[in-house]
Amino acid sequence: MSAVAPEGYDPHAFEPFAVTVDLAVFTVRDSRLHVLLVERGEDPYKGHWALPGGFVLPRESAGSAARRELAEETGLSGDTVAGLHLEQLRTYSDPDRDPRMRVVSVAYTALVPDLPEPRGGGDAAGARWWDTARTGPLAFDHDHILTDARDRIGAKLEYTCLATAFCPPPFTLGELQQVYETVWGVELDRPNFRRKVLATPGFVRPAEGAPRRTGGRGKPAALYRAGDATALHPPLLRPEGRQA
């Protein structure tokens, strides 16, 4: 049974527009924060790098479109994409953000460990992990989206235990601190960081095995594993004004 338009409502009175999805997917590689980018194979911005994404199909939700486009444009397997926790970031609706037509984009972000090397697919000529400090100008308004996404990921490290997923099991507190410094782009005070981590219930727990020597003349560093907590109480807030 087809829906009947309310009396006085004329759908033709409104200019149609397209809905797209864009994804800012981050990982930590070689102690640097990296973002997944694709090289555009079609105009506009052919040959430029951009966040993965594309148009939402007529009978498709934005979340489903995000996973489909991520798999198509990067070559990541369906199982890999299905297992990602994608968090909706915000909606971008500037009338001139796309030169083709009015396009509203729903952006998603994720910070995930151990993703494989991507490869181009669909309308993407290539795909690779980029150091976020070296991406250069991106297509469309993707620099703006990338900045917002990095801010969101930085906030998640303040309130959740996500950072432990990027450490080798078991890990030292120095390795955990390096994850925070990488994502936040700040230099942290080591004794203060150690005190806050150990005082946060359920954040980490001591690991079995001998301490790991990390270099220098100090004693070997104790090893830890992720604790049972998922949220940090109190939060581990980033310091203001101290850049790495």
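Computed from a predicted model, the values in this text were never measured in an experiment.

A word on the side chain of Thr27
Following the sequence through the fold, Thr27 ends up in strand 1 (residues 18–29). We classify Thr27 as buried; its relative accessible area is 2%. In this structure the side chain of Thr27 is engaged in a polar contact, spanning 2.6 Å, whose partner is the backbone oxygen of Val112. Not counting the four nearest positions on each side in its chain, Thr27 is found in contact with Arg32, Leu33, His34, Leu111, Val112, Pro113, Asp114, Trp129 and Phe166.

Focus: the nonpolar core
Membership of the largest hydrophobic core comes to 38 residues, with the highest contact counts inside it found for Phe26, Leu157, Leu176, Tyr180 and Phe203. Elements with a minimum of two residues in this core: strand 1, strand 2 (32–40), strand 5 (87–92), strand 6 (103–111), helix 3 (142–159), helix 4 (173–184) and helix 5 (190–199). Among the elements that take part in this core, helix 4 stands out by supplying 6 residues, more than any other. Core analysis: the next-biggest nonpolar cluster, separate from the first, contains 18 residues, Leu23, Val25, Leu36 and Ala66 among them.

A closer look at the packing of aromatic side chains
In total, this model carries 5 aromatic pairs according to the counting rule given. Grouped by ring-pair contacts, the aromatic residues Tyr180, Trp184 and Phe193 constitute a single cluster. Between the NZ or CZ atom of Arg90 and the centre of the ring of Tyr92, over which it lies, the distance is 4.4 Å. Residue placement shows Arg128 over the ring face of Trp130; its charged tip is 3.9 Å from the ring centre.

A few points about the confidence of the model for the protein
Across the protein, the average pLDDT comes to 90, with 93% of residues at 70 or higher. The secondary structure element of the protein with the lowest average pLDDT is helix 2 (residues 78–82), at 88, and the one with the highest is strand 5, at 97.

Topic: the side chain of Glu69
Tracing the sequence through the fold places Glu69 in helix 1 (residues 62–74). For Glu69, a relative accessible area of 9% gives the class buried. Within the structure, the side chain of Glu69 is placed 3.2 Å from the side chain of Arg68, a separation counted as a polar contact.

Here we look at helix 1
Here helix 1 contains 13 residues, and its C-alpha end-to-end distance of 18 Å stays within 8% of the 18 Å for a straight helix at 1.5 Å per residue. Buried within helix 1 we find Ala65, Ala66, Glu69, Leu70, Glu73 and Thr74. Along helix 1, the residues classed as buried sweep out an arc of 130° about the axis, all on the same side. Looking at the packing, one finds that the buried side of helix 1 touches strand 1, strand 2, strand 4 (53–55), helix 2, strand 6 and strand 7 (124–131).

Re the packing of helix 3 against helix 4
Between helix 3 and helix 4, the least distance of the axes is 9 Å, while the angle of their chain directions is 150°. In this view, helix 3 runs roughly antiparallel relative to helix 4, as classed from their interaxial angle. For helix 3 against helix 4, the interelement crossing comes out left-handed. For the pair helix 3 and helix 4, the contacting residues are Arg150, Ile153, Gly154, Leu157 and Glu158 in the first and Val179, Tyr180, Thr182, Val183 and Trp184 in the second. Across the contact of helix 3 with helix 4, the residue classes tally to 6 nonpolar, 2 polar and 2 charged.

Topic: the environment of Arg68
Following the sequence through the fold, Arg68 ends up in helix 1. Separated by 70 residues in the primary sequence, Arg68 and Leu138 have C-alpha atoms spaced 22 Å apart. At 3.0 Å, the side chain of Arg68 and the backbone oxygen of Phe55 are in polar contact.

A few points about the pattern of salt bridges
Between side chains of opposite charge, pairing is possible as soon as their charged atoms come close. According to the stated counting rule, one finds 14 salt bridges in the structure shown. The closest approach of N and O atoms between Arg68 and Glu60, which form a salt bridge, is 2.7 Å. Salt bridges here are not isolated pairs; linked through shared partners, they connect Glu60, Arg68, Glu69 and Glu72.

Considering the pairing of strand 2
Of all the 9 residues making up strand 2, 7 are buried; the element is thus mostly covered by neighbouring parts of the structure. Sheet analysis places strand 1 next to strand 2, joined by 4 bridges and oriented antiparallel. Across the sheet, Arg29 pairs through a bridge with Arg32, a residue of strand 2. Between strand 1 and strand 2, which pair antiparallel one after the other, the connecting turn spans 2 residues, and Asp30 there sits at a positive phi close to 50°. Bridging between strand 2 and strand 7 involves 7 bridges; their strand directions are antiparallel.

What counts as what
Residues numbered from 1 in each chain as written. Predicted model: local features only at pLDDT ≥ 70, side-chain atom pairs only at ≥ 80, totals over all residues. Heavy atoms only, no water. Helix = DSSP H or I, 4+ residues; strand = E, 2+ residues; numbered from the N terminus. Buried < 20%, exposed > 50% of the residue type's maximum accessible area, 1.4 Å probe, protein only. Polar contact = N/O pair within 3.5 Å; in protein donor to acceptor, adjacent residues only side chain to side chain. Contact = heavy atoms within 4.5 Å. Core = buried A, V, L, I, M, F, W, Y, C linked by side-chain atoms within 4.5 Å. Phe/Tyr/Trp six-rings, centres within 6.5 Å; stacked < 30°, edge-to-face > 60°. Lys NZ or Arg CZ within 6 Å of the ring centre and 35° of its normal. pLDDT = per-residue confidence, 0-100. Expected span 1.5 Å × (residues − 1). Arc of directions from axis to C-beta. Axes fitted to C-alpha atoms, helices over the stretch in contact; angles between N-to-C directions. Parallel < 35°, antiparallel > 145°, perpendicular 65-115°, else oblique. Left-handed = near helix turned anticlockwise from the far one by under 90°. Nonpolar A, V, L, I, M, F, W, Y, C, P; charged D, E, K, R; others polar. Salt bridge = Lys/Arg side-chain N within 4 Å of Asp/Glu carboxyl O. Pairing = 2+ DSSP bridges.

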